Amino acid sequence: MKKILIILLGLLALASCSNGDEPIPDPFNGGYGSYDLYIATSGFPGHPEMICGIHGDTIYECAEGAHILSLLAEDRDWYALLKTDDGVYSSVKNGVLLRVYNVKTVWGFTVDGGAIYTVQENYDGTVWVCKDGQRLYDVPNYVQYNQFSVHDGNVSMGINDGRSGYWYNGSYIEIYGLQSGCDWVYGIDKQDDNLLITYQSNQESGEYFYYWNGKNYELPDKFIPTASQLVNGHAFILGGEITSIGASGIKSSTAVIIDGIETVLNDQPDLAAVQLVASGAFTFILVRDIGGRSNKSCIYQNLQQMDVPKNITVPEDVRKYYAQYMNENGKMSLADLGIIAIARVKIVSY
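Residues numbered from 1 in each chain as written. Predicted model: local features only at pLDDT ≥ 70, side-chain atom pairs only at ≥ 80, totals over all residues. Heavy atoms only, no water.

Novice: Report on the sheet that holds strand β9 (residues 115–121), specifying residues and quantitative values.
Specialist: Sheets are built from strands that pair by backbone hydrogen bonding, the pairs being arranged parallel or antiparallel. Pairing within the open sheet is antiparallel, and its four strands lie in the order β8-β9-β10-β11. Pairing within the sheet leaves two strands with one partner each, and these edge strands are β8 (105–112) and β11 (134–138). Each strand axis lies, on average, 25° off the axis of its neighbour in the sheet, ignoring direction. Pairing geometry for strand β10 (residues 127–131) and β11, over four bridges, is antiparallel. Note on β11: the bridge partner recorded for V129 is Y137. (Pairing = 2+ DSSP bridges. Helix = DSSP H or I, 4+ residues; strand = E, 2+ residues; numbered from the N terminus. Axes fitted to C-alpha atoms, helices over the stretch in contact; angles between N-to-C directions.)

Novice: Break down the sheet that holds strand β1 (residues 34–41) for me, with residues and values.
Specialist: Strand order in the open sheet formed by four strands is β3-β2-β1-β30, and the pairing between neighbours is antiparallel. Across the chains shown, the open sheet's two edge strands, defined by having one partner strand only, are β3 (58–61) and β30 (339–347). Going from strand to strand, the sheet's axes swing by 20° on average, the running direction of each strand aside. Looking at chain direction, β1 and β30 are connected through eight bridges and run antiparallel. Counted as the bridge partner of T41 is I339 from β30.

Novice: Residue-level account of the packing of aromatic side chains, with values.
Specialist: Applying the stated criterion to the full structure yields 13 aromatic pairs. Look at Y210 and Y217: their rings are 5.0 Å apart centre to centre, the planes differ by 20°, and that puts the pair in the stacked class. On the accessibility criterion, Y210 (5% relative accessible area) is buried. On the accessibility criterion, Y217 (29% relative accessible area) is partly exposed. The structure contains a cluster of three or more aromatic residues connected by ring pairs, namely Y38, Y60 and W78. Over the ring of Y172 we find R163; its NZ or CZ atom is 5.6 Å from the centre of that ring. Between R344 and the ring centre of Y35, over which it is positioned, the NZ or CZ distance is 4.1 Å. (Phe/Tyr/Trp six-rings, centres within 6.5 Å; stacked < 30°, edge-to-face > 60°. Buried < 20%, exposed > 50% of the residue type's maximum accessible area, 1.4 Å probe, protein only. Lys NZ or Arg CZ within 6 Å of the ring centre and 35° of its normal.)

Novice: With reference to specific residues and values, describe the pattern of salt bridges.
Specialist: All told, the structure shown has four salt bridges when counted by the stated rule. R76 is paired through a salt bridge with D75; the nearest N and O atoms lie 3.8 Å apart. For R76, a relative accessible area of 40% translates into the label partly exposed. (Salt bridge = Lys/Arg side-chain N within 4 Å of Asp/Glu carboxyl O.)

Novice: Tell me about the side chain of S333, residues and numbers included.
Specialist: Here S333 lies in the loop between β29 (331–332) and α2 (334–337). Of note is the side chain of S333, whose polar atom sits 3.2 Å from the backbone nitrogen of D336. Ignoring sequence-local partners within four residues, the contact set of S333 consists of V308, P309 and K310. (Polar contact = N/O pair within 3.5 Å; in protein donor to acceptor, adjacent residues only side chain to side chain. Contact = heavy atoms within 4.5 Å.)

Novice: Please provide a residue-by-residue account of the pairing of strand β26 (residues 297–301), values included.
Specialist: Among the five residues in β26, five count as buried, and that is most of the element. Covered by surrounding structure in β26 are S297, I299 and Q301 together with C298 and Y300, the residues of both alternating faces. The sheet contact formed by strand β25 (residues 282–289) and β26 spans five bridges and is antiparallel. Each bridged residue has a counterpart across the sheet, and for V287 the counterpart in β26 is C298. Hairpin connection, β26 to strand β27 (residues 304–305): the antiparallel pair is bridged by two residues, and N302 has positive phi, about 50°.

Novice: I'd like to hear about unusual backbone geometry, residue by residue, with values.
Specialist: In this structure, D132 is a non-glycine residue whose phi angle is positive, near 50°. Along the polypeptide, D132 turns up in the loop between β10 and β11. The class of D132 is partly exposed, set by a relative accessible area of 32%. Not every positive phi belongs to a glycine, and D192 is a case in point at roughly 60°. Residue classification places D192 among the exposed positions, given a relative accessible area of 63%.

Novice: An account of the confidence of the model for the chain is needed here, citing residue identities and associated values.
Specialist: The predicted model of the chain averages 87 in pLDDT, with 86% of residues at 70 or higher. When the criterion is pLDDT under 50, residues 1–25 qualifies, and its contacts beyond four places in sequence or with other chains add up to 33 contacts. (pLDDT = per-residue confidence, 0-100.)

Novice: Account for the nonpolar core, naming residues and giving values.
Specialist: A general feature of soluble globular proteins is that nonpolar side chains tend to end up buried together. F44, F284, I299, I312, Y322 and I342 are the most contacted members of the largest nonpolar core, which has 24 residues in total. For this core, the secondary structure elements donating two or more residues are β1, β2 (50–53), β25, α2 and β30. If sequence neighbours within four positions are ignored, I342 has contacts with Y38, I39, L71, Q275, V277, F284, L286 and I299. (Core = buried A, V, L, I, M, F, W, Y, C linked by side-chain atoms within 4.5 Å.)

Novice: Residues and numbers for the side chain of N302, please.
Specialist: Within the secondary structure, N302 sits in the loop between β26 and β27. A polar side-chain atom of N302 sits 3.5 Å from the main-chain carbonyl oxygen of A281.

Novice: Which residues make up a nonpolar patch on the surface, and what are the values?
Specialist: A cluster of nonpolar side chains, V88, L97 and V100, forms an exposed patch at the surface whose accessible area comes to about 250 Å². Looking at the secondary structure, you find V88 in the loop between β5 (77–84) and β6 (89–93). We classify V88 as partly exposed; its relative accessible area is 36%. (Patch = residues over 30% accessible without salt bridge, like charges linked within 9 Å, V, L, I, M, F, W, Y side chains within 5 Å. Areas by Shrake-Rupley, 256 points an atom, 1.4 Å probe, with all protein chains shown as cover.)

Structure follows, in C-alpha cells:
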C-alpha cells in the first residue's frame, strides 16, 4: 500500500505540473472550473435508460428502446453511443443527436480533439475506422477491431492472430518484445512514444502479459485483465483475480495494477474493474458485475471507494422491487441501480 500511495502522489504531481493551473477543486462541489461525474444507468423496468450527475440530477433520458453502450467526455462536452432494440446505432453530444450509423455494428467509439472516431463493421463484412462519419482507414482481418485508442489523431489497434505487433494509422508495426504474439488484446494505448498493450499470449498455456515502454511483463498468477490505459505515463491495468475455485464456484477479487504493483479494491464475487476515467489529479474506476447476474456496481476515486449518495427517486410503480435499496424518502443510489459507464465533465457556471 505504501508503494501505491507513492505512485498516486506522483500522479498528482504530474497532473498539477502538466498544465500550470491551480489545483483542480473537489469534483462535486459545483461552481466555475469544477467537474461532475456523469453516470449512465440502465434505469428502472419500464423506464428509459438515462445519464445522471453524481448527485442524481437527470442529464439525459434515452428514447424508448434505446440503450447506452458508451459514455465519455472531453472538457465540458459529453458524448454517448446508443443502440436501439432494432439495431440502429447513433451518437449524441450534450444530449443532441449527432449521427445515425447505417452499419451492422459499431465496435469502437471515442473522442479526440472534438472529433468522434468510430470503428464500424458494414453489412458486407468490411471494417472501417471513421472520423466524424468519414472513412479514415480500412481495417484488415488480422486486426482486433473491438479495441482501439486515439491520441492527437493517431489511431492504435491490437492484433489477435498471433503476430507480435500492433496496427497504427493504417500500418502494421512489429514488436519483437511480445511473448509469442497476441491471441487476444484487452487494451491498447499509445501516447507519443509511450505504448501499453495488455494481452493474452499465443502460447498454448495462454498467460497474460502487458507490454509497456519497450518491455514485456507477465501479469500476476490468476489475474484476468479487462482493460488498460496510460495515465500521465503510468500503466493502469484493470481486472480481477481468481482467489479460489471450489464446489461453490469461482471466487474472485477486484483489482488494479499500477506500474506492476497490484491493489485489491474489493473481494465481492462476480465484480471486476471495467473502466478508468482520468482527469487532472483524479482517477475514477468503475467496478461492476461483468457476468450480468446483478446490478452491483461501485466507483473508486484514487483507489478509495466513493460514497454514492441516495438521490435517485424510485418511481412509484417499481418501488416494491427496490425496497431493500431505498431510504425512507423513496430514494436509492446509482450504485444500487446499476452503472453502465462513467465520464467526468467540466461544469461552467455563469
